[in-house]
Amino acid sequence: TPDPIKTFDFSILRKTPHPRLLMTDAHLEQWKEKCSVNGSSYGKIHDYIIGRANTCLISYMAPLQYAVTGGRLLSVSRDALSRVWFCAYAWRMTGEKKYLDYVEKTMTEVCEFPDWHTDHFLDTGEMALGVAIGYDWCHSGLSSRTKAKAISRLRDFAITQAPGKSFQNSKGNWNQVCYGGLVAASIAIYDKEVTCASDMIEEAIASNKRAVEAMYAPDGNYPEGYSYWSYGTSYQVILLSLLNEVFGNDGGIVDNV
């Protein structure tokens with residue numbers, strides 16, 4: 001579909017292969033070179049991530065379960081995100097199938113949940129980011145069944161659940177976290193869900209731009225304090241990086257900040 005607001009050329013997404021979120025294969029090769037330098041900080045980061053991936057495999061084989069605690073599914077979403085992201089990275093770096101299998105296992109578990117708890121949409125945003133990363137980074141290795149399930153859940157449990165939710169008008173971390181996950185989902189499955197994905201990306205640009213200007217202008221201070229600054233800004237960086245990687249710009253989100 002054409003872009004009604006003319007922010008992006010969405011045809012770029014039709015031509016962009018997986019993986020397209022944050023770290024392309026070209027970036028991965030550059031990263032491998034950096035990690036191979038003896039004593040480099042990059043190598044230390046790599047070793048840490050592989051260690052975390054191995055911890056997921058060895059210590060947390062218990063399946064993820066749908067458990068709302070204190071009105072939130074957030075701890076489950078964060079667990080899923082870390083399992084998928086660390087193990088997807090490990091598979092891309094090493095090619096060892098055990099990491100791919102663990103990603104697929106985790107994605108299957110959360111895609112069989114009844115929902116991603118949209119009543120507390122932070123839960124949804126973080127879960128969507130995890131499943132989007134798994135779908136995109138491990139796209140060539142996942143079964144067609146897992147990919148189909150991920151597409152339907154990213155659409156039905158996340159993207160199409162967003163309209164009318166309070167985070168859309170938030171000028172705080174909710175806006176950043178929820179749109180970070182939703183844009184990741186939209187970019188990941190764009191070629192399968194063109195209309196709802198492009199609409200979500202445009203909505204995210206407009207809403208997040210207003211939030212960013214309210215939160216960071218003029219001097220970078222953050223109205224929710226430094227703890228939420230860390231949380232919100234982490235997802236803000238993810239959101240900006242997602243857009244810049246695919247489209248070459250962020251749609252003007254930080255033009256006035």
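Residues numbered from 1 in each chain as written. Predicted model: local features only at pLDDT ≥ 70, side-chain atom pairs only at ≥ 80, totals over all residues. Heavy atoms only, no water.

**Student:** Explain the packing of aromatic side chains to me, please; I cannot follow it from the model alone.
**Tutor:** The description of an aromatic ring pair uses the distance of the two centres, along with the angle that the planes make with each other. Counting across every chain of the model gives 13 aromatic pairs. Ring centres of Phe8 and Phe247 lie 4.1 Å apart, and the angle between their planes is 15°; on these two criteria the pair is classed as stacked. With Phe8 in the segment before helix H1 (11-15) and Phe247 in helix H10 (residues 225-247), this pair connects stretches of sequence that are 239 residues apart. The same class applies to Phe8 as to Phe247, namely buried. In this structure an aromatic cluster arises from ring pairing among Phe8, Phe10, Tyr190 and Phe247. Residue placement shows Arg92 over the ring face of Trp137; its charged tip is 4.8 Å from the ring centre. (Phe/Tyr/Trp six-rings, centres within 6.5 Å; stacked < 30°, edge-to-face > 60°. Helix = DSSP H or I, 4+ residues; strand = E, 2+ residues; numbered from the N terminus. Buried < 20%, exposed > 50% of the residue type's maximum accessible area, 1.4 Å probe, protein only. Lys NZ or Arg CZ within 6 Å of the ring centre and 35° of its normal.)

**Student:** So what exactly am I meant to see when it comes to helix H3 (residues 41-59) here?
**Tutor:** Over its 19 residues, H3 extends 26 Å from the first C-alpha to the last, a length consistent with the 27 Å expected when each residue adds 1.5 Å. When we look at burial in H3, the residues that qualify are Gly43, His46, Ile49, Ile50, Ala53, Cys56 and Leu57. Looking down the long axis of H3, one finds its buried residues gathered within 140° of arc, a one-sided arrangement. Every exposed residue of H3 that faces more than 90 degrees away from the buried side is listed here: Lys44, Asp47, Tyr48 and Ile58. On the buried face of H3, the contacting elements are helix H2 (25-35), helix H4 (74-94) and helix H5 (97-111). (Expected span 1.5 Å × (residues − 1). Arc of directions from axis to C-beta. Contact = heavy atoms within 4.5 Å.)

**Student:** Sorry if this is basic, but what is going on with the side chain of His18 here?
**Tutor:** Topologically, His18 is positioned in the loop between H1 and H2. A distance of 2.6 Å separates the side chain of His18 from the side chain of Asp136, its partner in a polar contact. With sequence-adjacent residues up to four places away left out, His18 is seen in contact with Tyr135, Asp136, His139, Ala188 and Asp191. (Polar contact = N/O pair within 3.5 Å; in protein donor to acceptor, adjacent residues only side chain to side chain.)

**Student:** Explain the pattern of salt bridges to me, please; I cannot follow it from the model alone.
**Tutor:** In a structure, side chains of opposite charge can pair up when their charged atoms sit close to one another. For the structure on display, the rule yields 11 salt bridges. The closest approach of N and O atoms between Asp101 and Lys97, which form a salt bridge, is 2.8 Å. Residue Asp101 and its partner Lys97 are located together in helix H5, separated by 4 residues, close to a single helical turn. In this structure Asp101 comes out as partly exposed when scored by relative accessible area, which is 35%. Lys97 sits in the exposed class, given a relative accessible area of 54%. Of the charged contacts in the structure, one is a salt bridge between Asp156 and Arg155, with a shortest N-O distance of 2.7 Å. Salt bridges sharing partners connect three or more residues here, namely Arg155, Asp156 and Glu193. (Salt bridge = Lys/Arg side-chain N within 4 Å of Asp/Glu carboxyl O.)

**Student:** Quick question: what am I supposed to make of the packing of H2 against H4 here?
**Tutor:** Describing two packed helices takes the angle between their axes plus the distance from one axis to the other. Between H2 and H4, the shortest axis-to-axis distance is 11 Å and the interhelical angle comes to 80°. Regarding the angle of H2 to H4, the classification is roughly perpendicular. In contact with Asp25, Leu28, Trp31, Lys32 and Cys35 of H2, H4 contributes Tyr89, Arg92 and Met93. Considering only residue class, the contact of H2 with H4 consists of 5 nonpolar, no polar and 3 charged. (Axes fitted to C-alpha atoms, helices over the stretch in contact; angles between N-to-C directions. Parallel < 35°, antiparallel > 145°, perpendicular 65-115°, else oblique. Nonpolar A, V, L, I, M, F, W, Y, C, P; charged D, E, K, R; others polar.)

**Student:** So what exactly am I meant to see when it comes to the layout of surface pockets here?
**Tutor:** To find the voids left in a structure, one rolls a probe of water-molecule size over its atoms. As a volume, the largest pocket reaches approximately 150 Å³. Met23, Trp31, Ile45, Ile49, Trp85, Phe86, Tyr89 and Trp137 together form the lining of the largest pocket. At the level of elements, H3 and H4 are the ones that each hand at least two residues to the lining of the largest pocket. With 3 residues, H4 is the largest single contributor of residues to the lining of the largest pocket. Of the residues assigned to the lining of the largest pocket, the class counts are 8 nonpolar, no polar and no charged. (1 Å grid on protein atoms, 1.4 Å probe; cavity = no way out; pocket = protein on both sides within 12 Å on 5 of 7 lines; lining within 4 Å. Points joined across faces, edges and corners; volume = space filled by probe spheres on them.)

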